[in-house]
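Each chain, written out:
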Amino acid sequence: MSYPYQIKSFEEYQSAYAKSLAQPTEFWGEIASYFTWRKHWEMTLDWNFVEPHVRWFMGGKLNITENCIDRHLKDRGNQPALIWEPNDPDEAHRVLTYKQLYDKVCQFAHVLRNNGVKKGDRICIYMGMTPELAIAVLACARIGAIHSVIFGGFSAQSIADRLQDAHAEFIITSDGAYRGGKDIPLKSIIDDALIACPFVKRVIVSTRTRTPISMIKGRDVWWEDEIKKIETLGLHDFEPEIMDSEDPLFILYTSGSTGKPKGVVHACAGYMIYTNYTFINVFQYQPGEIHFCTADIGWITGHSYIVYGPLSAGGTSLMFEGIPTWPDASRFWDIVEKHKVNILYTAPTAIRSLMSFGTAPLEGKNLDSLRVLGTVGEPINEEAWHWYNTNVGKGKCPIVDTWWQTETGGTLISNLAGITPAKASYATLPMPGVEPVLVDEKGEIITGNNVSGNLCLRSPWPSIIRTTYGDHERCRTNYFATYHNMYFTGDGAYRDENGFYRITGRVDDVLNVSGHRIGTAEVENAINMHAGVIESAVVGFPHDVKGQGIYAFVVYSGDTPADAHLSRQDILQTVTRVIGAIAKPDKIQFVSGLPKTRSGKIMRRILRKIAEGELEQIGDTTTLLDPGVVEEIKAGRV
Ligand code: WT7
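All figures in this text were calculated on a predicted structure; none of them were measured in a lab.

**Quick word on the overall build of the chain**
- The secondary structure content of the chain amounts to 19 helices and 31 strands.
- Computed over the C-alpha atoms, the radius of gyration of the chain is 24 Å, within 12% of the 26 Å expected from 2.2 N^0.38 for a compact globule of 638 residues.
- If you line up the chain on its principal axes, its C-alpha atoms span 75 × 60 × 55 Å.
- A total of 638 residues make up the chain; the buried ones form 61% of that total.
- For the chain, the share of sequence-separated contacts (at least 6 apart) that also reach a separation of at least 24 residues comes to 71%.
- Carbon and sulfur atoms make up 50% of the accessible area of the chain, which amounts to about 23600 Å² in all.
- Positive and negative side-chain charges of the chain, numbering 63 and 74 respectively, have mean locations separated by a distance of 2 Å.

**A short note on the site of the ligand**
- Taken together, the neighbourhood of the ligand is formed by 17 residues, with Asp401, Thr402, Thr406, Asp491 and Arg517 sitting nearest.
- Contact distances for the ligand include 2.8 Å between a nitrogen atom and a backbone N or O atom of Thr402.
- At 2.6 Å, a side-chain N or O of Arg517 approaches an oxygen atom of the ligand.
- Protein burial of the ligand: of its 550 Å² of free accessible surface, 96% is covered by the chains.

**Side note on the sheet that holds strand S26 (residues 501–506)**
- An order of S22-S21-S23-S25-S26 is seen for the five strands of this open sheet, with the pairing classed as antiparallel. The sheet terminates laterally at strand S22 (445–446) and S26, the two strands that pair on one side only.
- Where strand S23 (residues 451–457) meets strand S25 (residues 487–495), six bridges bridge the pair, whose relative direction is antiparallel. Paired with Ser452 across the two strands is Tyr494, which belongs to S25.

**Comments concerning the domain arrangement of the chain**
- Domains assigned within the chain are domain 1 (66–241) and domain 2 (510–635).
- Of the residues lining the interface, six residues belong to domain 1; the matching set on domain 2 comes to seven residues.
- Buried surface at the junction of domain 1 and domain 2, summed over both partners, amounts to about 480 Å²; 55% is from carbon and sulfur atoms.
- Put simply, domain 1 and domain 2 have zero salt bridges between them.
- In the side of domain 1 that touches domain 2, the residues fall into two nonpolar, four polar and no charged.

**Looking at the state of the cysteines**
- Applying the stated criterion across every chain, the model contains zero disulfides.
- Considering cysteine sulfurs only, Cys68 is the nearest to Cys268, which forms no disulfide, with 11 Å between them.
- Left without a disulfide partner, Cys397 is nearest to the cysteine sulfur of Cys293, which lies 17 Å away.
- Look at Cys397 and you get buried, because its relative accessible area is 3%.

**Some details on the packing of helix H5 (residues 98–114) against helix H9 (residues 223–232)**
- Between H5 and H9, whose axes approach to 9 Å, the crossing angle comes to 100°. Between H5 and H9, the angle is such that the two are roughly perpendicular. Every residue of H9 that contacts H5 at Gln107, Phe108, His110, Val111 and Asn114 is listed here: Trp223, Glu226, Ile227, Ile230 and Glu231.
- Partitioned by chemical class, the residues of the contact of H5 with H9 number five nonpolar, three polar and two charged.

**Remarks on the pairing of strand S28 (residues 516–519)**
- Alternating positions in S28 separate into two faces, His516 and Ile518 on one and Arg517 and Gly519 on the other, with burial throughout.
- Pairing of strand S27 (residues 510–513) with S28, which is carried by four bridges, proceeds in the antiparallel orientation. Along S28, the bridge assignment pairs Asn512 with Arg517.
- Taking the residues that link successive antiparallel strands as the turn, the S27-S28 hairpin has two residues, and the phi of Ser514 there is positive, at about 55°.

**Observations regarding helix H16 (residues 520–528)**
- The buried count for H16 comes to seven of nine residues, which makes it a mostly enclosed element.
- Among all positions of H16, only Thr520, Ala521, Glu522, Val523, Glu524, Ala526 and Ile527 are buried.
- Looking at the buried side of H16, the elements it contacts are S27, S28, strand S29 (533–543), strand S30 (547–556), helix H17 (564–578) and helix H18 (604–612).

**Topic: the nonpolar core**
- Membership of the largest hydrophobic core comes to 120 residues, with the highest contact counts inside it found for Leu101, Phe108, Leu112, Ile125, Ile172 and Tyr308.
- Not counting chain neighbours up to four residues away, the residues in contact with Ile125 comprise Leu133, Ala136, Val137, Cys140, His147, Ser148, Val149, Ile150 and Ile172.
- Formed by 44 residues, the second largest nonpolar core is a distinct cluster that contains Phe154, Val538, Ala552 and Val578.

**Overview of the packing of H18 against helix H19 (residues 628–635)**
- It is the contact of H18 with H19, at a shortest axis distance of 10 Å, that shows an interaxial angle of 25°. When the axis of H18 is compared with that of H19, the two are roughly parallel. Where H18 crosses over H19, the two elements pack in a sense that is right-handed. The segment H18 lies against H19, with Ile606, Leu607 and Ile610 engaging Val630, Ile633 and Lys634.
- Along the lines of polarity and charge, the residues of the contact of H18 with H19 split into five nonpolar, no polar and one charged.

**Some thoughts on unusual backbone geometry**
- Across the junction of Glu51 and Pro52, the peptide omega takes the value -10°, indicating a cis bond.
- Note on placement: Pro52 falls in the loop between strand S1 (43–48) and strand S2 (53–58).
- Here the amide bond leading from Trp326 into Pro327 is cis, since omega sits at -5°, within 30 degrees of zero.
- Considering the arrangement of structural elements, one finds Pro327 in the loop between strand S17 (316–320) and helix H12 (331–339).
- A positive phi angle is found at Arg210, which is not glycine, with a value near 60°.
- Inspection of the secondary structure assignment puts Arg210 in the loop between strand S11 (202–206) and strand S12 (220–222).
- Positive phi outside glycine occurs at Thr428, with the angle close to 75°.
- Residue class for Thr428 comes out buried when judged on its relative accessible area of 0%.

Basis of the calculations
- Residues numbered from 1 in each chain as written.
- Predicted model: local features only at pLDDT ≥ 70, side-chain atom pairs only at ≥ 80, totals over all residues.
- Heavy atoms only, no water.
- Helix = DSSP H or I, 4+ residues; strand = E, 2+ residues; numbered from the N terminus.
- Rg over C-alpha atoms; globule rule 2.2 N^0.38 Å.
- Buried < 20%, exposed > 50% of the residue type's maximum accessible area, 1.4 Å probe, protein only.
- Contact = heavy atoms within 4.5 Å.
- Areas by Shrake-Rupley, 256 points an atom, 1.4 Å probe, with all protein chains shown as cover.
- Lys, Arg positive; Asp, Glu negative; His and termini not counted.
- Charge placed at Lys NZ, Arg CZ, Asp CG, Glu CD.
- Near = heavy atom within 4 Å.
- Polar contact = N/O pair within 3.5 Å; in protein donor to acceptor, adjacent residues only side chain to side chain.
- Pairing = 2+ DSSP bridges.
- Domains from an automatic or database assignment.
- Buried area = accessible area lost by both parts, 1.4 Å probe.
- Salt bridge = Lys/Arg side-chain N within 4 Å of Asp/Glu carboxyl O.
- Nonpolar A, V, L, I, M, F, W, Y, C, P; charged D, E, K, R; others polar.
- Disulfide = S-S within 2.5 Å.
- Axes fitted to C-alpha atoms, helices over the stretch in contact; angles between N-to-C directions.
- Parallel < 35°, antiparallel > 145°, perpendicular 65-115°, else oblique.
- Core = buried A, V, L, I, M, F, W, Y, C linked by side-chain atoms within 4.5 Å.
- Left-handed = near helix turned anticlockwise from the far one by under 90°.

Have a look at this one:
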């Protein structure tokens, strides 16, 4: 199998790009024709960004798992679809060929049906990075249930919020998960979440850590027992549910600048086609290659470039249960050597964290199999880019810097490995179908090169967000109302003399901590729940490894806490309970008041400067209700 729509030269990129904007329906229609459809679509695209209303391949019928599994069985049934590398290097790895994956997904789809799951039901998946997680995701897609994967680092409270928002009646989890030296008691966290979610009918629990857990009669069942029932019944193939192109495939919750996380909804056909197209083109994937994306399937990167992109392309996807630094900082390099990885796709945070161990962990490791490197999730600083290029890629592997978001489903701006030029710290050029524009505060489009602005997108690509679950108005106000007729990304960008884009980071109140997206408002709400806290303001500050750290300014009742150290620990506990450990502030400063305007608005700009240590650049404070508070905060900086 080769890919007829794989771009092979810079000229081909230019002509594909030009065609994609001039004739989007012809362009995407041709690519879509290479997929397996149960019924051809009637209309390729219908859209407006006012409501917003975006529909791709309308009237088409398909099932994404038929495209990700069944259609590869004839030619590559015995090729590995998934290679699983466990947390502990001493445990055996597992390989699932396309045929084996087919059997497992069909079996588990039967389990879901046996447990009452129907098309359109929402299923929450809260698991560690085991093959069962990928199987669960695909089985949901096969039966037409809408999966909502929740990253294993979120707390019971966060899970309950998401279960309630999606009204998910089914949960798939594990007894526990291994991550580095830690065991995460997943089922016990689910049990806490379910106290607030009596509508949950069934919890299917797979065995991983053999941690003792509570199993509630009538509600909780073991994955392995349920599989045995299917075997006893002699059930094998599972006829895929025929889905409409626009039927929701999944919900993935993500943070914004206000309120609780939003359920981003992606639709079956457009998401499938765009993740496939970008996987094949960005990485220049060649059949038979081993693709190692180090993300967790709990994030969009794992959905798109561990599961759906690689499998829809008939590729081999390596999934890793552990973390880059356990048992030591050579874990990634051992995996690359052991499995002869060809494509390594990771986050700048991981690179910076490995950089801090120097090059010793790389010594003696054979990385010759590597052909392409990738980064995702946050801006990559030049130093990290060069370290990656020199020490991992040995100067011969193109690095793709892929910019995209949960809402975009797949990569929107990136170089194509070895085909279009790379430039350190630049995502570079838009993918076909993607029309980036920079706008100023007034919403005027900034033309020309060597300019900066807020990054917007002017026309829809197939995997654009369709709605925010249960609240379409929220989707409109968040993404389509800031600037007329444009999708606003929340990012700032610079366009250089060649038209290459460099993403400069969020311009809204969203933080990017170790590539994890966290809303400042969410962290503030969590801190404010702590008994001693009156109010708080959270901002980001530059962090050597995490990219951004979290700095919290906290007003405590009675001015300062009696035991500041203990109160800090207590606040961290509260944040861990309410959101999860990933949202814990790195720094907490107790202050007597926050800098506010006369209308009561917190001047975050000032707090950001203080957190960044740019005390001389605070600027005008005369509009503040109490300018004196700024001096106090500056003096008390932690
Ligand atoms: C935000 C989206 C993309 C999937 C993982 C994160 C930042 C993402 C890059 C990049 C600079 C990047 C942006 C974006 N971001 N990729 N290559 N260069 N910044 O998905 O959690 O939805 O976060 O991550 O700020 O808006 P996400």
